[in-house]
Amino acid sequence: MDWLRALFRPRGGPPQHFFLPEASWHRRISPEAMAEMEAICPPRRYRKGEAIFLLGDPAQGFFILMEGRVRLILPTTKGERTLALLGEGDIFGESFLTGKPAQTTTALVQSPQAVVCPVSREQFLEIARTLPEVALAFASLLAERIGQLTEEIARGALPAPVRVGRLLLNLGRRFGHLGKNGSILLDLDLSQEELGTFCGVTRVTVAQAFRLFRAEGVLERQGSGYVLYPDRLESLLETWEGL
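The following paragraphs examine the structure supplied in this document. All values reported here derive from a predicted model rather than from experimental measurement.

Re the pattern of salt bridges
Per the stated rule, a full pass over the model turns up eight salt bridges. The salt bridge partner of Lys48 is Asp189, with a shortest N-O separation of 2.2 Å. You can see Lys48 sitting in the loop between strand 1 (44–47) and strand 2 (51–53) and its partner Asp189 sitting in the loop between strand 10 (184–186) and helix 7 (192–199), a full 141 residues away along the chain. Classification of Lys48 by relative accessible area gives partly exposed; the value is 44%. The residue Asp90 makes a salt bridge to Arg174 at a minimum N-O spacing of 2.9 Å.

What follows is the structure in structure tokens.
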């Protein structure tokens, strides 16, 4: 059981964390304002694996994800590091607001297709003048994202199985489908290695955590995806967090 003790051993160094935003853009503005935005910034369609932008591309505006899923990744010496998985209603690529001349991540389409509304700096200024509720929603969303990032950084010191479990819960609640008896069906076409990059652990660590979850009856394999039992998993993670 040395591998089990190792999983729960405190780790030093800077915390590794993942970020899973909540879809909320559409809920913050009226349908009329959204229609006016789409008239100013016509949406574009992308296919799976296509890059919306690459690390180092000029940061000339931001993007609104209308449909599909997008991964934000950062190349490292050990491979790609997934920083965020985005869904409908999320905004990304807002580096231009910080004055940085280039994109600091790469954005790849993770779903079969995605519809993205690109907003240039000039278009954003026009929207801010003519649609103040959109500018306010944008500022509110950025402030909320800072709070979410702070929470994730705080969780970075938790044991690896807890981080993997929290990731599964967040993915399930954001992208899963409700199943029988309160279960959640989750099938995102993500490998265990890719899941590990979300929370800064290896593929082996994810596999070991999944073994624990199956033994505890909170996770089952189903086809290419998984069945989660969120209430049981939440209770188990709370117990482990108190160790």
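Things to note about the nonpolar core
Within the largest apolar cluster, 30 residues are counted, with the highest numbers of intra-cluster contacts made by Val164, Leu171, Phe210 and Phe213. Those elements giving two or more residues to this core turn out to be helix 6 (160–175), strand 10, helix 7, helix 8 (203–215), strand 12 (225–228) and helix 9 (230–241). Per-element tally for this core: the top contributor is helix 6, with eight residues. Sequence-distant contacts of Phe213, defined by excluding residues within four places in its chain, comprise Pro161, Val164, Gly165, Leu168, Val218, Leu219, Leu233, Leu236, Leu237 and Trp240. Counting 22 residues, the second-largest nonpolar core is a separate cluster that includes Ile29, Val119, Phe138 and Leu141.

Some remarks on the side chain of Thr197
Checked against the element boundaries, Thr197 lands in helix 7. Setting aside residues up to four positions removed in sequence, Thr197 forms contacts with Glu80, Arg81 and Thr82.

So, how was this worked out
Residues numbered from 1 in each chain as written. Predicted model: local features only at pLDDT ≥ 70, side-chain atom pairs only at ≥ 80, totals over all residues. Heavy atoms only, no water. Salt bridge = Lys/Arg side-chain N within 4 Å of Asp/Glu carboxyl O. Helix = DSSP H or I, 4+ residues; strand = E, 2+ residues; numbered from the N terminus. Buried < 20%, exposed > 50% of the residue type's maximum accessible area, 1.4 Å probe, protein only. Core = buried A, V, L, I, M, F, W, Y, C linked by side-chain atoms within 4.5 Å. Contact = heavy atoms within 4.5 Å.

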